[in-house]
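Residues per chain are reported as follows:
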Amino acid sequence: MAASESRYRAFLDARAREGLRRSLFAVAARDARVIGAEGRSYINFASNDYLALRFNAALIARAVEWAEDYGVGSGASRLLTGNLELFPPIEAKVAKLKGKPAALVMASGFQTNAAVLQALFDKAVLGAEPLVFADRLNHASMHFGCQAAGVGQLRYRHCDAAHLAELLSQYQGDERPRFILTESVFSMDGDVAPLEDIARLACEHAACLIVDDAHATGILGRGGSGLSGDADIVIGTFSKALGSFGGYVACSETMRDYLINRCGGIIYSTALPPPVLGAIDAALDLVPGMDEERLYVARLAQQFRAGANAVGLDTGASTTQIVPVILGSADAAIAMSERLKCAGLWASAIRPPTVPAGTARLRLAFTAAHQDSDIDRLLQVLAAEEARRPANAI
Ligand SMILES: Cc1ncc(COP(=O)(O)O)c(C=O)c1O
């Protein structure tokens, strides 16, 4: 056995002792509302398929059609022979949706953040290590990108534009290129960054604003365009409200050209396969016309927040379709998730290091597939459990 193996075992044992060990379990999904696991069915409150598009007939039809017409793989990286003729019209639709001159489609959203940021923060190209101002709760993939580029982050308090302003001022005379990095809707809190203030600061301090619009695109903003309006560079994914898979960056033509020449995620990775491109293409056609679904999901989330707050549950600063129920300890979050499972409701317990210590939670997400009765049932069970929880459980 390699010496490293015992180290990995020790890591796993420590995670288990702290109640933080993760494992994979198999689920069966035949529609956007219900999942099956271990022989039981559950209403799924843990999916990012906000518009319930992953079982949409139009997406499936175009995925099948493009698989039949173009095959199930693209065969190579986009710089070799993988840049199928399907890409340019899709990228034109993404650029239009995001209001940017150009767009580049890549593999997953994670890969897009990790690879694009690594390329953008290249010290040799920029002539110096850039100053990267980042929200403290940014997604792990953004940290990966910074780490891969070997740049430090100047992390401001979550959603705190005043703190960002303070940090920017400290570097006022510094000539190095500056970037501001934030999500629009935060994935574990469902709150929204103060994007107008941040964009103003970016302008005042000549910083390039990069917004990860993963959880807003499709479900928020005019025509589902997301919330990234004033950003210089928008990063996102087709794996949440758009129902399938893949990442994108929307930016200037120069930036797109630069990424094609410098971004490892484009250069060294096989292009997305035609069935996935078919699903993306159909989703991009549908999303602008889905206001009714967007309003419906917003209403369900609001209904849930009001009910949860009325029984004393802490939903943080959520204003979107993502609503945390913050419970404190990892054990409390796991216990609540198990109770919900007993009642046929699936809600994931999110623990450190995904969220800060002491803020373990259920992360609930509402989708166009949910019914009013699902929210009522969820509230009923949560209220009963909250009433039973000792007052000092946190
Ligand atoms: C803010 C944010 N960015 C990026 C990603 C990664 O996207 P994908 O799931 O397409 O890899 C996620 C998904 O978890 C996310 O929440």
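Residues numbered from 1 in each chain as written. Predicted model: local features only at pLDDT ≥ 70, side-chain atom pairs only at ≥ 80, totals over all residues. Heavy atoms only, no water.

S.K.: Explain unusual backbone geometry to me, and be specific about the residues and the numbers.
M.R.: Residue P353 follows P352 across a cis peptide bond; omega there is 10°. Here P353 shows up in the loop between strand 13 (348-350) and strand 14 (360-365). Of note in this structure, A206 is not a glycine but carries a positive phi near 50°. (Helix = DSSP H or I, 4+ residues; strand = E, 2+ residues; numbered from the N terminus.)

S.K.: So what's going on with the pairing of strand 3 (residues 40-44)? Residues and values would help.
M.R.: Strand direction decides the pairing type here: strand 2 (residues 34-37) and strand 3, joined by four bridges, are antiparallel. Counterpart to I35 in the pairing with strand 3 is Y42. Where strand 2 folds back onto strand 3 in an antiparallel hairpin, the turn is made up of two residues, including E38, whose phi is positive at roughly 50°. In terms of strand pairing, strand 3 meets strand 12 (residues 345-346) through two bridges, oriented parallel. (Pairing = 2+ DSSP bridges.)

S.K.: Give a description of the sheet that holds strand 1 (residues 28-29) that names residues and reports values.
M.R.: Here we have four strands laid out as an open sheet, ordered 1-2-3-12, and mixed in their pairing. Each edge of the open sheet is held by one strand with a lone partner, namely strand 1 and strand 12.

S.K.: Quick one: what's the story with the nonpolar core, residue by residue and with numbers?
M.R.: Counting 60 residues, the largest nonpolar core has F304, F366 and L378 as the members making the most contacts within it. Considering each element in turn, this core owes the most residues, seven residues, to helix 12 (residues 274-286). Those residues within four positions of F366 in sequence are excluded, and the remaining contacts are F45, Y50, V297, L300, A301, F304, Q321, V323, I375 and L378. Among the nonpolar cores identified, the runner-up in size contains 25 residues, and L104, A134, A149 and C208 belong to it. (Core = buried A, V, L, I, M, F, W, Y, C linked by side-chain atoms within 4.5 Å. Buried < 20%, exposed > 50% of the residue type's maximum accessible area, 1.4 Å probe, protein only. Contact = heavy atoms within 4.5 Å.)

S.K.: Summarise the packing of helix 13 (residues 291-310) against helix 15 (residues 372-388); cite the residues concerned and give the values.
M.R.: Between helix 13 and helix 15, the least distance of the axes is 10 Å, while the angle of their chain directions is 20°. Relative to helix 15, helix 13 is oriented roughly parallel. Crossing hand, helix 13 versus helix 15: right-handed. Across the interface between the two elements, Y296, R299, L300, Q303, F304, G307 and A308 from helix 13 touch D372, I375, D376, L378, L379 and L382 from helix 15. Along the lines of polarity and charge, the residues of the contact of helix 13 with helix 15 split into eight nonpolar, two polar and three charged. (Axes fitted to C-alpha atoms, helices over the stretch in contact; angles between N-to-C directions. Parallel < 35°, antiparallel > 145°, perpendicular 65-115°, else oblique. Left-handed = near helix turned anticlockwise from the far one by under 90°. Nonpolar A, V, L, I, M, F, W, Y, C, P; charged D, E, K, R; others polar.)

S.K.: Give me a nonpolar patch on the surface: which residues, what numbers.
M.R.: Among the surface-exposed residues, F55, I60 and V64 lie close enough to one another that they form a single nonpolar patch of about 230 Å² accessible area. Mapped onto the secondary structure, V64 falls in helix 2 (residues 57-70). You can call V64 partly exposed: its relative accessible area is 41%. (Patch = residues over 30% accessible without salt bridge, like charges linked within 9 Å, V, L, I, M, F, W, Y side chains within 5 Å. Areas by Shrake-Rupley, 256 points an atom, 1.4 Å probe, with all protein chains shown as cover. Salt bridge = Lys/Arg side-chain N within 4 Å of Asp/Glu carboxyl O.)

S.K.: Give a description of the site of the ligand that names residues and reports values.
M.R.: Taken together, 14 residues form the shell around the ligand, and within it F110, D212, H215, T237 and K240 come nearest. Within the contact set of the ligand, an oxygen atom lies 2.6 Å away from a side-chain nitrogen or oxygen of H215. Here an oxygen atom of the ligand sits 2.7 Å away from a polar atom, N or O, in the side chain of T237. Its free accessible area being 390 Å², the ligand has 82% of it covered by the protein chains. When residues of the shell around the ligand are assigned to their parent elements, the largest contribution, three residues, is made by helix 5 (residues 109-120). Split by residue class, the shell around the ligand holds two nonpolar, nine polar and three charged. (Near = heavy atom within 4 Å. Polar contact = N/O pair within 3.5 Å; in protein donor to acceptor, adjacent residues only side chain to side chain.)

S.K.: I'd like a rundown of the environment of G229, residues and numbers included.
M.R.: Summarising the element assignment, G229 is placed in the loop between strand 8 (208-212) and strand 9 (233-237). Sequence-wise, G229 and G99 are 130 residues apart; in three dimensions their C-alpha atoms are separated by 7.4 Å.

S.K.: Describe the side chain of D135, naming the residues involved and giving the relevant values.
M.R.: Inspection of the secondary structure puts D135 in strand 5 (residues 131-135). Of the buried charged residues, D135 lacks a salt bridge, with R155 as the closest side chain of opposite charge at 7.5 Å. At 2.8 Å, the side chain of D135 and the backbone nitrogen of L137 are in polar contact. Apart from the residues within four sequence positions on either side, D135 is in contact with Y156, R157, H158, C159, L181, T182 and F186. (Lys, Arg positive; Asp, Glu negative; His and termini not counted.)

S.K.: Tell me about the environment of A384, and please be specific about residues and values.
M.R.: Position of A384 relative to the elements: it lies in helix 15. Given the relative accessible area of 41%, A384 is considered partly exposed. In the structure, A384 is positioned 73 residues away from V311 in sequence and 9.2 Å away in space, judged by C-alpha atoms.

S.K.: Please give an account of the pairing of strand 14 that cites residues and values.
M.R.: Of all six residues in strand 14, six are buried; the element is thus mostly enclosed. Two strands pair when backbone bridges link them, and strand 11 (residues 322-328) and strand 14 are joined in this way by six bridges, in the antiparallel orientation. Along strand 14, the bridge assignment pairs V325 with L362. Summarising the sheet, strand 13 and strand 14 pair through three bridges and their orientation is antiparallel. The residue bridging S348 from the neighbouring strand is R363, located in strand 14.

S.K.: Can you tell me about the packing of aromatic side chains, naming the residues and giving the values?
M.R.: Using the criterion set out here, one finds nine aromatic pairs in the structure. Ring plane angle 80° and centroid distance 5.0 Å describe the contact between Y42 and W346, whose orientation is recorded as edge-to-face. Of this pair, Y42 sits in strand 3 while W346 sits in strand 12, and the two are 304 residues apart along the sequence. You'll find Y42 and W346 in the same group, each marked buried. Note on F238 and Y248: the rings are 5.1 Å apart at their centroids and 45° apart in plane angle, and the pair reads as tilted. Residue F238 is found in the loop between strand 9 and strand 10 (247-251), and its partner Y248 is found in strand 10; the two are separated by 10 residues along the sequence. Judged by relative accessible area, Y248 falls into the buried class, the value being 1%. An aromatic cluster of at least three residues, connected via ring pairs, comprises F25, Y42 and W346. The ring of F87 carries the charged tip of R78 above its face, separated from the ring centre by 3.9 Å. (Phe/Tyr/Trp six-rings, centres within 6.5 Å; stacked < 30°, edge-to-face > 60°. Lys NZ or Arg CZ within 6 Å of the ring centre and 35° of its normal.)

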